[in-house]
Amino acid sequence: PEAKDEFIFYRIKPGLEMLAKAMEQAKSTDPTKVAYALEGMTYKGALGDVTMRKDDHQLLQNMYMFTMEKVGKPGVKLPFEASPYGLRADAMIPAKDITLPTTCKMQRPK
């Protein structure tokens, strides 16, 4: 597959695209303005929604359990990182089921 399809890309893409969206929304690269723009933002990604929690700036997303197997085994269609192996998704736990409450009392700049 193309580099854009590599697994590492799916882990990095939400954070980078949310950062770019926050800079556009804030019309600035000022860290404080960008941080405020990120609060509560949701990103619609290939593996589901990713949300930045306002209270503590944690990214909340679904959790996936994968098994690495040879391409061609049941559920394994595409190679991973230019190898003969791919990932089979065995389970998905929704973000709402793994999101823990926060006690963070983050002090925000004015």
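J.: Sorry if this is basic, but what is going on with the overall build of the chain here?
T.: Along the backbone of the chain there are three helices and five strands. The order of helices and strands in the chain, counted from the N terminus, is α-α-β-β-β-β-β-α. Expected size for 110 residues packed as a compact globule is a radius of gyration near 13 Å; at 17 Å, the chain overshoots this value by more than 25%. Viewed in the frame of its principal axes, the chain has a C-alpha envelope of about 55 × 30 × 15 Å. Here the chain holds 110 residues, and the buried ones make up 18% of them. Look at the contacts in the chain between residues 6 or more apart in sequence, and 38% of them connect residues 24 or more apart. Summing over all exposed atoms, the chain offers an accessible surface of approximately 7900 Å²; the carbon and sulfur share of this is 58%.

J.: Teacher, can you tell me more about the pairing of strand β2 (residues 48–52) here?
T.: Looking along a regular strand, one sees side chains alternate from face to face of the sheet. Relative to β2, strand β1 (residues 42–45) runs antiparallel, the two sharing four bridges. Paired with Tyr43 across the strands is Val50, a residue of β2. Where β2 meets strand β3 (residues 59–61), three bridges bridge the pair, whose relative direction is antiparallel. From the neighbouring strand, Met52 faces β3, where its bridge partner is Leu59. Hairpin connection of β2 to β3: six residues between the antiparallel strands, including His57 at a positive phi of 60°.

J.: Whenever I open this one, the pattern of salt bridges confuses me. Can you help?
T.: Where charged atoms of side chains with opposite charge meet at close range, the side chains can pair. Throughout the structure, instances matching the rule amount to seven salt bridges. Arg53 is the partner of Asp56 in a salt bridge, and the nearest nitrogen-oxygen pair spans 2.9 Å. Linked through salt bridges whose partners overlap, the residues forming this network are Glu69, Arg88 and Asp90.

J.: How should I be thinking about the packing of aromatic side chains in this particular structure?
T.: Aromatic ring pairs are described here by two measures, namely the spacing of the ring centres and the angle between the planes. If you walk through the whole model with that rule in mind, you get one aromatic pair. Seen in terms of ring centroids, Tyr64 and Phe66 are 6.0 Å apart; in terms of plane orientation they differ by 20°. Their pairing is stacked.

J.: Any chance you could explain helix α2 (residues 31–38) here in plain terms?
T.: In an α-helix, one full turn covers 3.6 residues, which means residues spaced three or four apart are oriented alike. All buried positions along α2 are accounted for by Val34, Ala37 and Leu38. Summarising the axial view, the buried residues of α2 lie within an arc of 100°, below the 170-degree limit, and thus occupy one face. Near the N-terminus of α2, the side chain that reaches the backbone nitrogen of Thr32, with its oxygen 3.1 Å away, is that of Asp30. Just downstream of α2, Gly40 is the residue with a positive phi angle, here 80°.

Reading the values: rules and limits
Residues numbered from 1 in each chain as written. Predicted model: local features only at pLDDT ≥ 70, side-chain atom pairs only at ≥ 80, totals over all residues. Heavy atoms only, no water. Helix = DSSP H or I, 4+ residues; strand = E, 2+ residues; numbered from the N terminus. Rg over C-alpha atoms; globule rule 2.2 N^0.38 Å. Buried < 20%, exposed > 50% of the residue type's maximum accessible area, 1.4 Å probe, protein only. Contact = heavy atoms within 4.5 Å. Areas by Shrake-Rupley, 256 points an atom, 1.4 Å probe, with all protein chains shown as cover. Pairing = 2+ DSSP bridges. Salt bridge = Lys/Arg side-chain N within 4 Å of Asp/Glu carboxyl O. Phe/Tyr/Trp six-rings, centres within 6.5 Å; stacked < 30°, edge-to-face > 60°. Arc of directions from axis to C-beta. Polar contact = N/O pair within 3.5 Å; in protein donor to acceptor, adjacent residues only side chain to side chain.

Function cannot be read off these values alone, since they describe shape.
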